[in-house]
Amino acid sequence: MGWPLLVFYTFCSTICVGFFLKMGKLTDTAYFRSALILNAFKIMSKKKTTTHKEEALYYHAKGRPGKIEVIPTKETANQRDLSLAYSPGVAEPCRAIAERPEDVYKYTAKGNLVAVISNGTAVLGLGDIGPAAGKPVMEGKGLLFKIYADIDCFDLELDTKNVDEFVRTVKILEPTFGGVNLEDISAPECFEIEDRLKKELNIPVMHDDQHGTAIISAAALLNALEIVKKDIAKVKIVINGAGASAISCTRLYCALGAKHKNVYMFDSKGLLHPSRTNLDGKKGEFVNDSLHEKTTLADALKGADVFVGLSKGGILNQEMVRSMAPDCIVFAMANPDPEIGYTEATTARKDIIMATGRSDFPNQVNNVLGFPFIFRGALDVRATAINEAMKLAAVRALADLAKKPVPDIVNMAYNNANLVYGRDYIIPKPVDPRLLTTVAPAVARAAMDSGVAQNPITDWDAYEIQLTKRLGIDNNLTRAIQTRARQNPKRVVFADAENVNVLKAVQVVVEENIARPILLGDVQKIKSLLKEHSIELKQVPIIDPSNPVTTEEIKRLERFGDLLFEKRQRKGLILSESRRLVTHRNYFGILLVETGEADTMISGLTRNYPSTIRPALQVIGPRPEIKRVAGMYILMSRFGPLFLADTTINLDPTAEEIVEIAELTARAVENLNIKPRVAMLTYSNFGSVSEGAAAVKMRRATEMLKQRNPKLIVDGEMQAHLALNPELLQEKHPFSSLVGGAANTLIFPNLSAANIAYNLVRAVAGIEIIGPIIMGLKKPIHVLQLGASEREIVDMVALAVVDAQAK
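Residues numbered from 1 in each chain as written. Predicted model: local features only at pLDDT ≥ 70, side-chain atom pairs only at ≥ 80, totals over all residues. Heavy atoms only, no water.

## A few points about the overall build of the protein chain
Just so we agree on the cut-off: Here a helix means four or more residues in a row that DSSP labels H or I, a strand means two or more in a row labelled E, and each is numbered from the N terminus. Between the two quantities, the radius of gyration covers C-alpha atoms and the globule rule is 2.2 Å times the number of residues to the power 0.38. Burial classes follow relative accessibility: with a 1.4 Å probe on protein chains only, a residue under 20% of its type's maximum area counts as buried, one over 50% as exposed, and anything between as partly exposed. By the convention used here, residues are in contact when the closest approach between their heavy atoms is within 4.5 Å. Only the protein chains shown count as covering a residue, and every accessible area follows the Shrake-Rupley method with a 1.4 Å probe.
Per the secondary structure count, the protein chain includes 32 helices and 21 strands. In summary, the protein chain has a C-alpha radius of gyration of 31 Å against a globular reference of 28 Å for 807 residues, a match within 12%. Along the three orthogonal principal directions, the C-alpha set of the protein chain runs to about 95 × 80 × 50 Å. Each of the 807 residues in the protein chain was classed as buried or not, and the buried ones make up 53%. If you take every contact in the protein chain between residues at least 6 apart in sequence, the share linking residues at least 24 apart comes to 70%. A total of about 35600 Å² of accessible surface is found on the protein chain, and carbon and sulfur atoms cover 53% of it.

## Focus: the confidence of the model for the protein chain
Put simply, the rule is: The predictor's confidence in any single residue is recorded as pLDDT, a number from 0 to 100.
Averaged over every residue, the pLDDT of the protein chain is 88; the share at 70 or more is 91%. Within the model, the stretch residues 1–51 combines pLDDT values under 50 with 87 contacts to residues more than four positions away or in other chains.

## Observations regarding the nonpolar core
General note: in soluble globular proteins, nonpolar side chains tend to be found buried as a group. Just so we agree on the cut-off: Residue types Ala, Val, Leu, Ile, Met, Phe, Trp, Tyr and Cys, when buried and joined through side-chain atoms within 4.5 Å, form a set referred to as a nonpolar core.
Judged by nonpolar contacts, the single largest core of 102 residues is most densely connected at L182, I329, M390 and L398. Not counting the four nearest positions on each side in its chain, M390 is found in contact with A378, A383, A385, V443, A446, A447 and V452. Counting 63 residues, the second-largest nonpolar core is a separate cluster that includes I535, I602, A666 and M796.

## Details of helix α18 (residues 435–449)
Here is the rule we go by: Expected span, for any helix, means 1.5 Å times one less than how many residues it has.
In this model, α18 (15 residues) spans 21 Å end to end at C-alpha, consistent with the 21 Å of a helix rising 1.5 Å per residue. Within the sequence span of α18, burial applies to L435, L436, V439, A440, P441, A442, V443, A444, A446 and A447. In this structure, the buried side of α18 is in contact with α7 (131–149), α15 (371–380), α16 (388–402) and α19 (460–470). Immediately beyond the C-terminal end of α18, within one or two residues, lies G451, with a positive phi of roughly 85°.

## Some words on the sheet that holds strand β10 (residues 353–356)
Just so we agree on the cut-off: Strands pair, by our definition, only if DSSP identifies at least two bridges between them. To define axes, lines are fitted to C-alpha atoms, for helices over the stretch in contact only, and angles between the resulting N-to-C directions are given on a 0 to 180 degree scale.
If you walk across this open sheet you meet the six strands as β7-β6-β5-β8-β9-β10, and the pairing is mixed. Among the strands making up the open sheet, the edge pair consists of β7 (270–271) and β10. Across four bridges, strand β5 (residues 237–240) lies against strand β6 (residues 263–267) in parallel orientation. Of the residues in β6, the one forming a bridge with I239 is M265. Here helix α10 (residues 208–227) sits on the sheet in contact with β8 (306–309), β9 (329–332) and β10, set at roughly 160° to β9.

## Focus on the sheet that holds strand β14 (residues 600–603)
Taken in spatial order, the five strands make up an open sheet running β13-β12-β11-β14-β21, and their pairing is parallel. Two strands bound the open sheet, and with one partner strand each, they are β13 (542–543) and β21 (781–783). The pairing of strand β11 (residues 490–494) with strand β12 (residues 515–520) spans five bridges and is classified as parallel. Note that in β12 the partner of R491 across the bridge is R516.

## Structural notes on the pattern of salt bridges
Cut-off, in case you're wondering: By salt bridge we mean one thing: a side-chain nitrogen of Lys or Arg within 4 Å of a carboxyl oxygen of Asp or Glu.
If you walk through the whole model with that rule in mind, you get 48 salt bridges. Measuring nitrogen to oxygen at the nearest pair gives 3.5 Å for the salt bridge that ties E319 to R322. Taken together, the positions of E319 and R322, both in helix α13 (residues 318–322) and three residues apart, correspond to about one turn of that helix. Relative accessible area serves as the criterion here: at 55%, E319 is assigned to the exposed category. Exposure remark for R322: the relative accessible area of 40% places this residue in the partly exposed category. For E657, the salt bridge is made with R628, and the minimal N-O distance between the two is 3.1 Å. Linking E657 in helix α27 (residues 655–670) with R628 in the loop between α26 (609–619) and β15 (630–637), this pair joins segments that are 29 residues apart in sequence. The exposure class assigned to R628 is buried, which follows from its relative accessible area of 16%. Each of D164, K171, E192, R196 and E200 takes part in one network of salt bridges that share partners.

## Here we look at helix α25 (residues 585–594)
Burial runs high along α25: 10 of the 10 residues are buried. Taken together, the buried positions of α25 are occupied by R585, N586, Y587, F588, G589, I590, L591, L592, V593 and E594.

## Details of the packing of α15 against α18
Which entries qualify depends on this criterion: Any angle from 65 to 115 degrees is called roughly perpendicular, while one under 35 is roughly parallel, one over 145 is roughly antiparallel, and all others are oblique. Each crossing gets its hand from how the near helix is turned against the far one by less than a right angle, where anticlockwise is left-handed and clockwise is right-handed. For this classification, Asp, Glu, Lys and Arg are treated as charged, while Ala, Val, Leu, Ile, Met, Phe, Trp, Tyr, Cys and Pro are nonpolar and the rest, including Gly, are polar.
Where α15 meets α18, the axes come as close as 7 Å, and the angle between the chain directions of the two elements is 50°. Put simply, α15 runs oblique to α18. Seen from above, α15 lies across α18 with right-handed handedness. Residue-level inspection shows F373, I374, R376, G377 and A378 of α15 in contact with α18, the latter providing L435, L436, V439, A440, V443 and A444. Per-class residue counts for the contact of α15 with α18 are nine nonpolar, one polar and one charged.

## Topic: the packing of helix α23 (residues 551–568) against α25
Close contact between α23 and α25 brings their axes to 11 Å; oriented N to C, the two are set at 85°. Here α23 lies roughly perpendicular to α25, going by the angle between them. Residue-level inspection shows R556, L557, F560, L563, L564 and K567 of α23 in contact with α25, the latter providing Y587, F588, L591, L592 and E594.

## A few points about the side chain of K429
What counts, and what does not: Two residue types count as positive, namely Lys and Arg, and two as negative, namely Asp and Glu; His and chain ends fall outside the count.
Within the secondary structure layout, K429 lies in the loop between α17 (408–413) and α18. With no salt bridge to any partner, buried K429 finds its closest opposite charge in D424, at an N-O distance of 9.3 Å. Dropping the residues within four chain positions of it, K429 is found in contact with F361, P362, N363, L369, V410, Y414, L419 and L435.

## Points about the pairing of strand β17 (residues 677–681)
As a reminder, the rule being used: We call a crossover right-handed when, viewed with both strands directed away from the observer, the connection leading from the first strand over the helix to the second proceeds clockwise.
Counting buried positions along β17 gives five out of five residues, so the element sits mostly inside the fold. Residues of β17 alternate between two faces, with R677, A679 and L681 on one and V678 and M680 on the opposite face, all of them buried. Strand direction decides the pairing type here: β17 and strand β18 (residues 713–718), joined by five bridges, are parallel. Residue pairing for β18: V678 is matched across the bridge by V714. Regarding the hand of the β-α-β motif, the stretch spanning β17, helix α28 (residues 693–708) and β18 is right-handed. Relative to strand β19 (residues 745–747), β17 runs parallel, the two sharing three bridges.

Written out as structure tokens, the structure is:
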């Protein structure tokens, strides 16, 4: 892909995300950039790409040179703002910090600021190219810190190879930073620099080239060994490479249980053996005399269980791989070319588990899975160090995350792959949104448990919310609904259980204690899907109404058939047809709810809307005091949640019917502990169009609604943009009862307008939507959007539980 296409793709992405920023929930730079990265991953997953020199140079030179900038976090609009930001106002936080030094974390950016520091002596695969030439890499590292963990960075390139000078320079900068990430420093100097800084500084220090690869590869190794059922204490491990990363990796493997006697490390001169006199740095730590000093890499690999390559490309061949033990594990992590190519290795051995550092093959060992989240956890508890306990916590958190069902957004990023824990998926993908909320808390807990946390976390739920807010993925309403659902989980029937997305959502629902699921469908098919996708639902009942097995199941079907006939016998239904219909999952599930054997039902993922809602209307029916049913969608917009009605049921309601729809919607909003602010929408603003059926209808409906509900905040008729712009409403129509805040409940004149509105916003802006929510039924039945994602299903289940709690 040439750079013109890349620029065009980025431009299109920017337009979409720009509209998203205007209409949607995307509110900060971090999540904006993450969206662009997701697009880049989608491109990369479709075709192996080559980065051309011109493309890379253009990317770094275009517009503002480089990749990062400093952006103010406070108001700077007028002289008063500036007087607070600088003189004279800035004197006050200075005095406060002088009196109480720890307040530097309260009044400055120190607590979220990491220094990325290098002297350019070991830059990527380029070697000793100097500090200035290494600056693009350090800026890139700062960019990754920001987009993945919302950590601010200054990159510092030091023009020195003197260890004392390097350490002294970093030490005197300690008051500025909350942490130090050492980068691209050659061995053996990097060992001494890190060791001394960790002893002399009171902030976390980590050399990512050493520990980043170690943490990610250790997590991958734990999972790979689990898959092939091998004990880490017994496996033979061959390490090719004896630099900083290899030493750190091996140390961590040993901390996890590997035995020194089973580890054979090679450098460019051969096996690390006690007889050698040319071992520098930390190499002596991993000498092994159980093999002859002249043993070659090929000889050592015979019968080996694990190969870890941190050296150079092409040093392994197929014959060497074939000589390894059954179910061998090969981590060829040299970049850009691995020690052996992925295809070459997997062709040689079908039983191999293969990982590389490349994104275009499965099992990428990528440091970005670690350092942003490790520093995030360390900074958030003001850790004085990043110690072994914190690194091991990160290892286990990453390993555990790989075993959980993969979110849709991750599969989508990899060309709709079906990623399932196994030989081709032993480590999470870099775009997994759960990394921040999984790894950072694990690291923070370990810091607290190991005694290096100065600011312990006491409310872990609040901390998780804080983490999600950092990347703009928070939605307070969704979280509030789920929290409320957990307080009193209800029995939820899933009529579309023969669907992987539904089953993944059910696992989340069970793990989060949101509901008590009941699955409907072919038992063997569902069990097969559960096994295929590694989904654990052992205690969840599965019922196939079309194939009753026990006497109890047969009697229940007869009872349901009789009940349906009783309800519909004067609507043309005969008994034999009634007993046939109850074998259909929608009718059966709704009858479970009607008879009190379940509390609510979710359906519609694989069926059209009418076939799902019709049984609900026939069996359960509307509440007698209302006698109307309507549909509502919730849009998670940047204004907060927006409630739209009627989006699904009433084609062209009268003014009287619109009043009933508005009342239903307002009650539904109140049930979520939100005060409804109702806007009656059309193309006219307060009589600006005197004629026109829709305008007249909405004007009349507004008058009736106000008379019937004098305490309800409602106004209209008005256009949609006016309802969402309180400043414009105040300026143009100061008399409106909606002045003082934007509307959150939008009532449309007909089904066409409402349906077009939510579908257009959903498709173009990508706003998260919950719905359709059926209002007015005697008992709660809810319908999923066709093709709803796992997250949307979970959200809908939580809302259905809250709805059932209110009945």
